[in-house]
Amino acid sequence: MAEVIGVRFKEVGKIYYFDPKGIELNSGDYVIVETARGIECGIVAIPNKEVPDDEIVRPLKPLIRKANDNDIGHIEENKKREREAFKICEKKIAEHGLGMHLVDVEYTFDNNKILFYFTADGRVDFRALVKDLAGVFRTRIELRQIGVRDEAKMLGGLGVCGRPFCCHSFMGDFQPVSIKMAKEQGLSLSPVKISGTCGRLMCCLKYEQEAYSDLLKHTPKVGAIVKTPDGKGLVVENNLISGTLKVKLDSAPEGVAPAAFNVKDVRILKDGYIKMDKKELEDLKHLE
C-alpha cells in the first residue's frame with residue numbers, strides 16, 4: 001500500500017497519482033507537481049488515501065508543493081496569454097492556407113512549451129507554421145491533432161438531451177461504443193438519432209448496454225420459435241424493457257394480428273438472432 005493524491009490537470013481530465021510527501025491535502029487544492037511535460041499546476045481530485053501497489057504506475061512522482069497565491073496568479077496570467085496566442089495562431093493558419101481548425105491553446109505552467117490543439121480532415125504539413133510560431137513566441141511549440149470527440153470534450157456544449165456533454169462534465173476517458181449496441185437496444189439506426197453533436201455515436205449508449213445484454217439473454221429475439229400457452233409460434237416483435245412479445249401463432253388464421261405474451265409465459269424452442277446487415281454496418285462505420 002502507498003499513500004497518494006489524485007490530481008487532474010484539466011476540468012474533466014484523467015486523474016494521475018502523486019506522492020503527497022506526508023502533506024494533507026483536500027479536494028480542490030491547487031498543487032505543483034512534476035510531470036512528463038515538466039512542472040505543472042493541477043487540482044486535487046482525490047485527497048490523501050492508501051491504494052494497493054498494483055494500482056500505481058512506478059516511479060510515483062512526488063508533490064513539489066501546495067500552490068501559493070503567486071502560482072494562482074501565474075495560472076491566470078497564462079490564461080490571458082493563451083487567449084492572445086489563439087488569435088495569433090488562427091491568423092498564421094490563414095496566412096499559410098492550412099486546412100486545420102484551431103480548437104484550444106495551452107501554456108505549460110513553467111512556460112517552456114505552448115500546445116496548440118487542432119482538428120483536420122487528414123494529415124497536415126504544419127512544419128512552416130511551427131517555425132513561424134516559434135519565431136513569435138520564442139519558446140517550444142507543439143501542434144497536436146485531435147479527434148472530433150476530443151474537440152467536444154474540450155469545448156463543451158449541450159447534447160440532444162438538453163444537458164451538458166457527458167464528456168465535458170464528468171467522463172474522464174471515452175468508453176468504446178458500437179453500432180451493435182444501438183442495434184441491441186432496439187434504436188433507430190438513423191445517424192441523426194444515435195450520434196452526438198460531435199458526429200460520433202453517443203457515449204450514453206454505453207450506460208445501459210450491460211442491462212440490455214442481460215435482458216437479451218432471457219428474452220426471445222425476433223425470429224425465435226417459442227412455445228406459448230396458446231401454442232407454438234414465431235416472435236415478430238419484442239420489447240426488452242417491458243418484457244412483452246408479439247408472436248405469430250402457427251394455429252392462427254392468415255391475416256390475424258400477432259398475439260401478445262409476457263416473456264415469463266413462453267419457452268424458447270429455437271432462439272433468433274440480431275441481424276447486422278453488412279452494408280448497413282459499412283454505411284454507419286464512420287460514426288464509431
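Everything numeric here is computed off the predicted structure, so don't read it as measured data.

Trainee: Provide a residue-level description of the nonpolar core, including the pertinent values.
Mentor: Met-100, Phe-116, Leu-133, Phe-137 and Leu-143 are the most contacted members of the largest nonpolar core, which totals 17 residues. Looking at this core, the elements that each hand over two or more residues are helix H1 (69–96), strand E6 (101–107), strand E7 (113–119), helix H2 (127–137) and strand E8 (140–145). Those residues within four positions of Leu-133 in sequence are excluded, and the remaining contacts are Cys-89, Lys-92, Phe-116, Arg-138, Ile-141 and Leu-143. Core analysis: the next-biggest nonpolar cluster, separate from the first, contains 10 residues, Val-177, Met-181, Leu-205 and Leu-287 among them.

Trainee: Explain the pattern of salt bridges to me, using residue names and the numbers behind them.
Mentor: Where charged atoms from two side chains of opposite charge come close, those side chains can pair. Taken as a whole, this structure holds 15 salt bridges when the rule is applied. Among the ionic pairs, Arg-127 bridges to Asp-125, the shortest N-O distance being 2.9 Å. Residue Arg-127 is classed as exposed on the basis of its relative accessible area, which comes to 62%. Put simply, Asp-271 and Lys-221 hold a salt bridge, and the shortest N to O gap is 3.1 Å. Residue Asp-271 is found in the loop between strand E13 (267–270) and helix H8 (278–284), and its partner Lys-221 is found in the loop between helix H7 (209–218) and strand E9 (225–228); the two are separated by 50 residues along the sequence. Linked through salt bridges whose partners overlap, the residues forming this network are Lys-10, Arg-37, Glu-40 and Glu-106.

Trainee: Tell me about H1, and please be specific about residues and values.
Mentor: In an α-helix, one turn spans 3.6 residues; hence positions three or four apart end up facing the same way. Its 28 residues give H1 an end-to-end C-alpha distance of 40 Å, which sits within 8% of 40 Å, the value for a rise of 1.5 Å per residue. When H1 is considered as a whole, its buried residues turn out to be Asp-71, Ile-75, Asn-78, Glu-82, Ala-85, Cys-89, Lys-92 and Ile-93. Where the residues of H1 are buried, they touch strand E3 (30–35), strand E4 (38–51), strand E5 (63–66), E6, E7 and H2. Measuring from the side-chain oxygen of the N-cap residue of H1 to the backbone nitrogen of Asn-70 gives 3.0 Å; that N-cap residue is Asn-68. Count one or two residues on from H1 and you reach Gly-97, which has phi positive near 65°.

Procedures and definitions
Numbering of residues starts from 1 in every chain and runs along the sequence as written. In keeping with the predicted nature of the model, local features appear solely for residues at pLDDT of at least 70, side-chain atom pairs appear and are counted solely at 80 or more, and the whole-chain, interface and lining totals rest on all residues. Working from all heavy atoms in the structure, the side-chain values ignore hydrogens and water. What makes a nonpolar core is a set of buried Ala, Val, Leu, Ile, Met, Phe, Trp, Tyr and Cys residues whose side-chain atoms join them at distances within 4.5 Å. Three labels apply to residues, based on accessible area from a 1.4 Å probe with only protein chains included: buried if under 20% of the type maximum, exposed if over 50%, partly exposed otherwise in between. Helix and strand assignments follow DSSP, with helices taken as H or I runs no shorter than four residues and strands as E runs no shorter than two, numbered in order from the N terminus. Any two residues having at least one pair of non-hydrogen atoms within 4.5 Å are treated as being in contact. A pair is scored as a salt bridge if a Lys or Arg side-chain nitrogen falls within 4 Å of a carboxyl oxygen belonging to Asp or Glu. The span one expects for a helix is its residue count, reduced by one, times 1.5 Å. Contacts described as polar in this section are N or O atom pairs within 3.5 Å, which, within protein, must combine one atom able to donate a hydrogen with one able to accept it, while residues neighboring in sequence count only if both atoms come from side chains.

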